[in-house]
Amino acid sequence: MSFLRGVLAGLAIGYLTAPRSGKETREKLTKTVDELQSQWEEGVDQVKSQVDRLVGNAQAKADQYKDQAENKFDQYKNKAENKLDQFQGEASYKKNQAKADFNNKVDDAADATKSGIDNVEDALKLN
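Basis of the calculations
- Residues numbered from 1 in each chain as written.
- Predicted model: local features only at pLDDT ≥ 70, side-chain atom pairs only at ≥ 80, totals over all residues.
- Heavy atoms only, no water.
- Helix = DSSP H or I, 4+ residues; strand = E, 2+ residues; numbered from the N terminus.
- Buried < 20%, exposed > 50% of the residue type's maximum accessible area, 1.4 Å probe, protein only.
- Patch = residues over 30% accessible without salt bridge, like charges linked within 9 Å, V, L, I, M, F, W, Y side chains within 5 Å.
- Areas by Shrake-Rupley, 256 points an atom, 1.4 Å probe, with all protein chains shown as cover.
- Salt bridge = Lys/Arg side-chain N within 4 Å of Asp/Glu carboxyl O.
- Lys, Arg positive; Asp, Glu negative; His and termini not counted.
- Charge placed at Lys NZ, Arg CZ, Asp CG, Glu CD.

Peer 1: How should I be thinking about the overall build of the protein chain in this particular structure?
Peer 2: Assigned secondary structure in the protein chain consists of two helices and zero strands. Here the protein chain holds 127 residues, and the buried ones make up 3% of them.

In structure tokens:
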């Protein structure tokens, strides 16, 4: 900004000290200021355009990274759900197997007890 002010001040001093009539100097100053303003506005528009482009690129990259992160999250979530289902299935199978084993052991113990009682009854009947 200070550079621009220096340029404008230099131009103003140059025009004011130039050997022209006041009207010519004012017209020249007006024309120069209008040109500088036009160049300034053009420069500002270019900067705005570049900023908009950069913001658009940044937004696109952010969306891309967001999509990648969501995909990774979904992959890990699905793997975790599959593992959970697998563990639940295995746990259910083992639970049912343990119940069956327990029931078989109870049945075996009951059969052995009945057999023992039958043997005792038979032994008592012989006497």
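Peer 1: How do you make sense of a nonpolar patch on the surface when you look at a structure like this?
Peer 2: On the surface, a cluster of nonpolar side chains totalling about 250 Å² of accessible area is made up of Val47, Val51 and Val55. Relative to the assigned elements, valine 55 resides in helix 2 (residues 22–126).

Peer 1: I'm lost on the pattern of salt bridges in this one. Help?
Peer 2: If the charged atoms of two oppositely charged side chains come close together, the side chains can form a pair. Using the criterion set out here, one finds one salt bridge in the structure. Lysine 114 serves as the salt-bridge partner of aspartate 118, at 3.8 Å between the closest nitrogen and oxygen. On the criterion of helical spacing, the pair formed by aspartate 118 and lysine 114 is a turn pair, its members being four residues apart in helix 2. Look at aspartate 118 and you get partly exposed, because its relative accessible area is 28%.

Peer 1: What should I look at first to understand a negative patch on the surface in this one?
Peer 2: A contiguous patch of negative charge on the surface is contributed by Asp63, Asp67, Glu70 and Asp74. Along the chain, aspartate 74 falls in helix 2.

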